Amino acid sequence: MGSPSADAIVIGSGIGGLTAAAALAKRGRRVLVLERHSQLGGMTQTFRRREYTFAPAVHYIGGAGDAPGPDNQFGRILRWLTDGQLRFASVGSPYDVVRFPGFEFPIETTREAYIARLKALFPDESAAIERYFAACADAQRAVHALFAGRGLPAPLGLVVRWLNAARVRRALQTTTADAVRAIRDRRLAALLSARWGDYGLPPERSPLAMHALVMGSYFAGAYYPVGGPAQFAKTLGATVRAAGGELRTDAAVSEIRVERGRAAGVRLASGESMASPVVISDMGAHNTVAALPAEVAPEWRKALAALKPGVSYISLYIGFKGDIRACGATAANVWVYESEDVGRVWERPADEDAPGIFVTFPSLKDPSHADPQHHTAEVDAFCRWEPFAQWAQSEPGRRPEEYEATKAWIAESLLGQFKRHFPRLAPLVDFHELSTPLSQASYVGAERGAAYGLEMTAERLRSRALGVRTPVRGLLLAGQDALSLGIPGAFMGGFMAAAAVEPRLWMEMNR
């Protein structure tokens, strides 16, 4: 393959890949980032339709504030990687609102304010509320220890796992539904588990560890990138380029080259080959294995095959012409459920309303949004992959007529559902467009259109097959499958992958 073309090759420019590349660049490494899409950023990218700019996946982020402390490790490291060029604005309080028929509850910062409001509304459940939050705090500590054990160098990781074994076992054996099962008031139980869409697994199946980690990440505040999520690629990419690195789009990787048991570079779909002693994959664990020669790491391949992709989703992008604040919209996200049965996934999108929708108004979160007459909303609904699987082999722009007709029907139905819940905003709707799980699969390579990579079950969290290190020397995983889901989880997966290559980066974890 010739001499190395880069100190490291990163496959994928999602937040995990960009973080790994920028972290190595901070230590003087020359990194080549290869992105299959025509635009950098993975699920942090944005797209424009007419006067409206949409952000497909970034709705709010915990731990991005300026206050010192362990809860803001993500924000502190990110500021270091971008030389302070990436800034965040607070979403405010409340940052989430949960709605059931005839009932609405705002989720406030801080943790203490949230608990106080719960107790005021459900005074007979005060003891149960205390038990729930105590269990979540213990589970959050457990999952932090679990991830630290996965990312740290082997001797330290072994000690961390041993010291926290009982706590981790308890947090993985308890589901979110288990944690609220003893609560007598069904509205309260539903409310406490309603936001499972933030990690993509319904309460009956989600480990309390993951629920507690994600919900707890917002206790210190929820934030949104100033200038929109595209700023991730812009600012992290600038760090990569400043060290002599390169970011290439339209560069799909077809093969990860392995020579004498270690990664040696990649081959693109175009046939071009590039050499490097380090390959960091941010394209998901299953996609990574699929790019390896068939005879490589059979046991690892088998272990990963047992882990399934997570839940799929449908997104409706809405453009408004007019003052949406005057019509009741705020920066807070709104979780709308048609009943208190919050764990339902949309089974038949072409035949029924979504059992629940997540509504967010990105233009109201971003203080740099300067057009008071054009605003945006995104409406997400988690759904099964199977209704769309029959069209999985078709290509964007060349889908069958049946798919296009089904998509158009779902778009109008979901828009109608939105208008029923937000009637004052209905007259301002000026544009709408739908994406299905096929869109996520096509544009960012998400297996079965999954929102969060591999399903975040207890089995996935226990799996020794996942982590930043792989059985192939010189090949590392970054992003959601390497560590945890969401922007902070994928970010830390990328950073730990870089630290496995450049150990001096571990010092930045605890400054």
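These notes cover the structure that comes with them. All values derive from a computational prediction rather than experimental measurement.

## Observations concerning the overall build of the chain
Inference 1: Looking only at helices and strands, the chain features 19 helices and 20 strands.
Inference 2: For a compact globule of 511 residues, the expected C-alpha radius of gyration is about 24 Å, and the chain comes in at 22 Å, within 12% of that figure.
Inference 3: Across its three principal axes, the chain shows a C-alpha extent of roughly 65 × 55 × 40 Å.
Inference 4: Scored against the burial criterion, the 511 residues of the chain give a buried share of 58%.
Inference 5: In the chain, the share of contacts with a sequence separation of at least 24, taken over all contacts with a separation of at least 6, comes to 72%.
Inference 6: With an accessible surface of roughly 20,400 Å², the chain has 51% of that area assigned to carbon and sulfur atoms.
Inference 7: With 58 positive and 52 negative side-chain charges, the chain shows a separation of 6 Å between the mean positions of the two kinds.

## Thoughts on unusual backbone geometry
Inference 1: With an omega of 5 degrees, the peptide bond between Ser93 and Pro94 qualifies as cis.
Inference 2: Of note, Pro94 is situated in the loop between strand E6 (88-90) and strand E7 (96-100).
Inference 3: In the Ramachandran plot, Asp250 falls in the positive-phi region, its phi being about 50 degrees despite a non-glycine side chain.
Inference 4: Here Asp250 falls in the exposed class, since its relative accessible area comes to 57%.

## Focus: the pairing of strand E12 (residues 262-268)
Consecutive side chains of a regular strand alternate in pointing toward one face of the sheet and then the other.
Inference 1: Most of E12 sits inside the fold, with five of its seven residues counted as buried.
Inference 2: Bridge analysis of strand E11 (residues 253-259) against E12 gives six bridges, and the strand direction is antiparallel. Bridging across to E12, Glu255 finds its partner in Arg267.
Inference 3: Hairpin remark: E11 followed by E12, antiparallel, with two residues in the connecting loop; positive phi at Arg260, about 50 degrees.
Inference 4: Sheet topology note: the E12/strand E13 (residues 273-275) ladder contains three bridges and is antiparallel. Its bridge partner lying in E13, Gly265 is registered against Ala275.
Inference 5: Where E12 hands over to E13, the hairpin turn is made up of four residues, of which Gly271 adopts a positive phi near 100 degrees.

## Things to note about the packing of aromatic side chains
Inference 1: Applying the stated criterion across every chain yields a total of 26 aromatic pairs.
Inference 2: Seen in terms of ring centroids, Trp196 and Phe382 are 5.4 Å apart; in terms of plane orientation they differ by 35 degrees. Their pairing is tilted. You can see Trp196 sitting in the loop between helix H8 (186-193) and helix H9 (208-216) and its partner Phe382 sitting in strand E18 (residues 374-383), a full 186 residues away along the chain. Of the two residues, Trp196 and Phe382, both sit in the buried class.
Inference 3: Ring geometry for Trp391 versus Tyr403: centroids 5.4 Å apart, planes at 65 degrees, classification edge-to-face. One end of the pair, Trp391, is in the loop between helix H14 (386-389) and helix H15 (401-421); the other, Tyr403, is in helix H15, and 12 residues separate them in sequence. Just as Trp391 is buried, Tyr403 falls in that class too.
Inference 4: Seen from the ring of Tyr403, Arg399 lies directly overhead, with NZ or CZ sitting 5.6 Å from the centre.

## Here's the deal with the nonpolar core
Inference 1: By size, the foremost hydrophobic cluster in this structure holds 137 residues, and its most contacted members are Leu34, Phe100, Leu118, Leu191, Met210, Val266 and Ile280.
Inference 2: Among the nonpolar cores identified, the runner-up in size contains 32 residues, and Leu364, Cys383, Leu414 and Leu425 belong to it.

## Description of the sheet that holds E6
Inference 1: Here three strands make up an open sheet; going across it, the order is E5-E9-E6 and the pairing antiparallel. Each of the sheet's edge strands pairs with one partner strand only, and the pair in question is strand E5 (61-62) and E6.

## Considerations on the pattern of salt bridges
Inference 1: Counted under the stated rule, the structure contains 28 salt bridges.
Inference 2: The closest approach of N and O atoms between Arg384 and Glu386, which form a salt bridge, is 3.6 Å.
Inference 3: On the basis of relative accessibility, which here comes to 39%, the residue Glu386 falls in the partly exposed class.
Inference 4: Between Arg398 and Glu395 there is a salt bridge, and its shortest N-O distance comes to 3.8 Å.
Inference 5: Looking at Arg398, the relative accessible area reads 65%, which means it is exposed.
Inference 6: Counted as one network, the salt bridges with shared partners bring together Asp138, Arg141, Arg167 and Arg170.

## Remarks on the sheet that holds strand E2 (residues 31-34)
Strand pairing in a sheet is mediated by backbone hydrogen bonds. Such pairs are either parallel or antiparallel.
Inference 1: Strand order across the open sheet formed by five strands is E10-E2-E1-E14-E20, with parallel pairing between neighbours. Both edges of this open sheet fall to strand E10 (246-248) and strand E20 (475-477), since each of them pairs with a single strand only. On average, each strand axis in the sheet is inclined to that of its neighbour by 20 degrees, with strand direction left out of account.
Inference 2: Here three bridges tie strand E1 (residues 8-11) to strand E14 (residues 279-281), and the two strands are oriented parallel to one another. Residue pairing for E14: Ile11 is matched across the bridge by Ser281.

Scoring rules and cut-offs
- All chains use their own residue numbering, which begins from 1 and follows the written sequence.
- Local features in a predicted model are, by the rule used here, given only for residues with pLDDT of at least 70; side-chain atom pairs are given and counted only at 80 or more, and totals for whole chains, interfaces and linings are based on all residues.
- Only heavy atoms go into the side-chain values, all of them from the structure, while hydrogens and water stay out.
- Elements are defined by DSSP. Helices are runs of H or I of four residues or more, strands are runs of E of two residues or more, and each kind is numbered from the N terminus.
- The globule rule used here is 2.2 Å times the number of residues to the 0.38 power, and the radius of gyration it is set against is calculated over C-alpha atoms.
- Burial classes follow relative accessibility: with a 1.4 Å probe on protein chains only, a residue under 20% of its type's maximum area counts as buried, one over 50% as exposed, and anything between as partly exposed.
- Here, two residues are considered to be in contact whenever any of their heavy atoms come within 4.5 Å of each other.
- Under the convention used here, a 1.4 Å probe and the Shrake-Rupley method define accessible areas, while residue burial counts only the protein chains that appear.
- Positive charges come from Lys and Arg, negative ones from Asp and Glu, while His and the chain ends are left out of the count.
- Each charge is placed at NZ for Lys, CZ for Arg, CG for Asp and CD for Glu.
- Two strands are said to pair when DSSP picks up at least two bridges between them.
- Only the six-membered ring of Trp is used, alongside the rings of Phe and Tyr, when aromatic pairs are assigned; centres must lie within 6.5 Å, and planes under 30 degrees apart are stacked while those over 60 apart are edge-to-face, with the rest tilted.
- To sit over a ring, a charge needs its Lys NZ or Arg CZ within 6 Å of the ring centre and within 35 degrees of the ring normal.
- Think of a nonpolar core as a cluster: buried Ala, Val, Leu, Ile, Met, Phe, Trp, Tyr and Cys residues, connected wherever their side-chain atoms sit within 4.5 Å.
- Any carboxyl oxygen of Asp or Glu within 4 Å of a side-chain nitrogen of Lys or Arg constitutes a salt bridge here.
- Only the stretch in contact is used when a helix axis is fitted, and all axes are lines through C-alpha atoms; the angle between N-to-C directions ranges over 0 to 180 degrees.

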